[in-house]
Amino acid sequence: MRLTRFIEEFRDDVRLALRQLRKAPAFTIVATITLALGIGVNSAIFALVDATLLRPLPFHEPDRLVAVWERTDRTAHGFASPLNMNDWNQRTRSFELISGFVPGMGAMVTSGNDGTAETVSRQWVLAGIFDVLGVKPVAGRMFRPDDNDKQKNMVVLSEGYWRTRYGGDPSIVGRDVRFDGEPYTVVGVAPKEFTLLGDTAMWGLRWIPNRPQLRAAYGFQGVGRLKPGVTLEQAQADIDTVADGLAKEFPQSNTGRTVYLEPLHDAFVGRELRTTSILFLGVVGFVLLICCANVANLLLARATARARELAIRSAIGARRGRVIRQLLTESLVLAVIGGAPGIAVGAGILRAAPSLLPAGLLPPMVTIAFDARVLAFCGVAALLVGILFGLAPAWQATGVSAGQVRAGEGRAATGRGGRIRSLLVVAEVATAVLLLFGGGLLLRSLMAVEGVDRGYHTDGAVTMMVDPLGSTYPTPERLLQFFDDVDRDLVHAEIDARIHREAALGIRVERPLDDRATFERAVVGRTRTVRATACASERAGDER
């Protein structure tokens, strides 16, 4: 019976609140805009905090994943050797599997649909990385740990590249596709949700020959999956024992090297980003408090004009608690009205954020989206805000009796309300000045960082990466001749090319772990004129 009565009273209060807000359109519009901006900005920053602090990584059972670093006297977060990983897998008892990936994006060249060279993004991984992360294929299979023994070129395509380049044809699995002039077998397709270092077209298998000299190939980000029930401390003690044994067994490569385990979420997200997210949330939290103070001031002023109405309601038998509940209902209705456009503001900010934020600012695993969690935050924020800015005005407005209103004593209550409004204004100004000075100091620091002399000048400097089709230049001699032709074309285009060759010649010959030679040339030049139009791809087309 009481519940039914409460629901009926609440329904009547909502109707009355809507009528009161319609009678004061200017007040309603100003309060709605104020609340929409406050709730919208807070929801956008909450999405960042949720992605960096609250939401787990998008992998299977992410709480069991750890980053595996090799630590030395010079670095606490060093990359690992794949041969050391093999020994860790064989000798530890705390891990289901340890694998890794090259911490950087690269590219491979293939022949496009029209026969021209097409560069696609690629990332090198070790055989067991998909098993460690619990990734299931869309088609085919993922790399398996025993694929390393086959010493064969293999790739796993991303679902996006598979659908755009091959039309989602499942028959591509098991076929050979030429990249960099060599055949690579497509073993499977990874789901579109999976990412390690950003959007990539494929993951290539980096198989590691078991040669003693390769134990010092410290170039892989290690990732391990703990066995169920194993704590980080237990796993650290276990792998420390194994690392000590490897240092004695392989003193030339492993002396002075220890292993450090870290939760994968902490390693991928980073302490600086987590701290920045909390700082931003605190700043916009103050902004929301300023919005609440503004609306509370408006409600206090409005309550003064409604003092006679509220006093009469008390005189005819309405209890003070019942009147306060009705005024709080008005505040909640106003908060809901302001929260609806606040949701739109937050969604708009998050939609524009990817194009406004600098590239690489957020880790690839951190995806900011306006989802159900952010929507729930908006609802809770609107509820709390409605209570926060509505409670003081409601309590103040119901403190005047009908007798005081008739005798003119309501002015005393009005004076008390004025003092509350004055305090709110002082608090608003103080908070705004604090935020303004904080933002000014931050801007000054950023300008100081930008003004630091780096020891070189970038005005008029241009860079480019030349990556010709490997099948067109199959030998080092032909590839070197191609780069010489490119240099000549750049000079003819009035670009003062400066070629860097490790320390002198500008050609870097890299021999990867499988002893296949690849060639790159970094070109740095300073333009004399805007008529620099030479393009290496045109030269590559002429050669073909």
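Keep in mind it's a predicted model, so treat the numbers as computed, not measured.

Visitor: Help me understand the pairing of strand 7 (residues 176-179) in this model?
Guide: The side chains of a regular strand alternate between the sheet's two faces. Judged by which residues are buried, strand 7 turns out to be one-sided: Val177 and Phe179 face inward and are buried, whereas Asp176 and Arg178, on the alternate face, are not. Pairing geometry for strand 7 and strand 8 (residues 182-190), over four bridges, is antiparallel. Paired with Phe179 across the two strands is Glu182, which belongs to strand 8. Between strand 7 and strand 8, which follow one another and run antiparallel, lie two residues, and Asp180 among them has a positive phi close to 55 degrees.

Visitor: Which parts of the structure should I look at to understand the nonpolar core?
Guide: Considering soluble globular proteins, one finds that nonpolar side chains tend to be buried as a cluster. Among the nonpolar cores identified, the biggest contains 29 residues, and Phe59, Phe130, Leu133, Phe194 and Leu264 are the most heavily contacted of them. For this core, the elements supplying multiple residues, two or more each, are strand 1 (65-71), strand 2 (95-101), helix 4 (129-133), strand 6 (154-158), strand 8, strand 9 (202-205) and helix 9 (264-269). With four residues, helix 4 is the single largest residue contributor to this core. When sequence neighbours within four positions are dropped, the list of residues in contact with Leu264 reads Leu57, Phe59, Leu65, Val66, Ala67, Leu133 and Val223. Within the second largest apolar cluster, 20 residues are counted, among which are Val68, Leu83, Ala235 and Val242.

Visitor: Just checking my understanding: could you explain a positive patch on the surface for this structure?
Guide: On the surface, a cluster of positive charge is contributed by Arg15, Arg19, Arg22 and Lys23. The topology assignment puts Arg19 in helix 1 (residues 2-23).

Visitor: Hey, could you run me through a nonpolar patch on the surface in this one?
Guide: A cluster of nonpolar side chains, Leu3, Phe6, Ile7 and Phe10, forms an exposed patch at the surface whose accessible area comes to about 420 Å². Within the secondary structure, Phe6 is located in helix 1.

Visitor: Would you take a moment to explain the packing of aromatic side chains for this structure?
Guide: In this description, an aromatic ring pair is defined by two values, namely the gap between the centres and the angle between the planes. Taken as a whole, this structure holds 10 aromatic pairs when the rule is applied. With a centroid separation of 4.3 Å and 5 degrees between ring planes, the pair formed by Phe46 and Phe377 is classed as stacked. Note that Phe46 is positioned in helix 2 (residues 25-54) and Phe377 in helix 13 (residues 372-397), a separation of 331 residues in sequence. Seen from their ring centres, Phe130 and Trp203 are 6.1 Å apart, and the 90 degrees between their planes marks the pair as edge-to-face. Note that Phe130 is positioned in helix 4 and Trp203 in strand 9, a separation of 73 residues in sequence.

Basis of the calculations
- Residues numbered from 1 in each chain as written.
- Predicted model: local features only at pLDDT ≥ 70, side-chain atom pairs only at ≥ 80, totals over all residues.
- Heavy atoms only, no water.
- Buried < 20%, exposed > 50% of the residue type's maximum accessible area, 1.4 Å probe, protein only.
- Helix = DSSP H or I, 4+ residues; strand = E, 2+ residues; numbered from the N terminus.
- Pairing = 2+ DSSP bridges.
- Core = buried A, V, L, I, M, F, W, Y, C linked by side-chain atoms within 4.5 Å.
- Contact = heavy atoms within 4.5 Å.
- Patch = residues over 30% accessible without salt bridge, like charges linked within 9 Å, V, L, I, M, F, W, Y side chains within 5 Å.
- Areas by Shrake-Rupley, 256 points an atom, 1.4 Å probe, with all protein chains shown as cover.
- Salt bridge = Lys/Arg side-chain N within 4 Å of Asp/Glu carboxyl O.
- Lys, Arg positive; Asp, Glu negative; His and termini not counted.
- Charge placed at Lys NZ, Arg CZ, Asp CG, Glu CD.
- Phe/Tyr/Trp six-rings, centres within 6.5 Å; stacked < 30°, edge-to-face > 60°.

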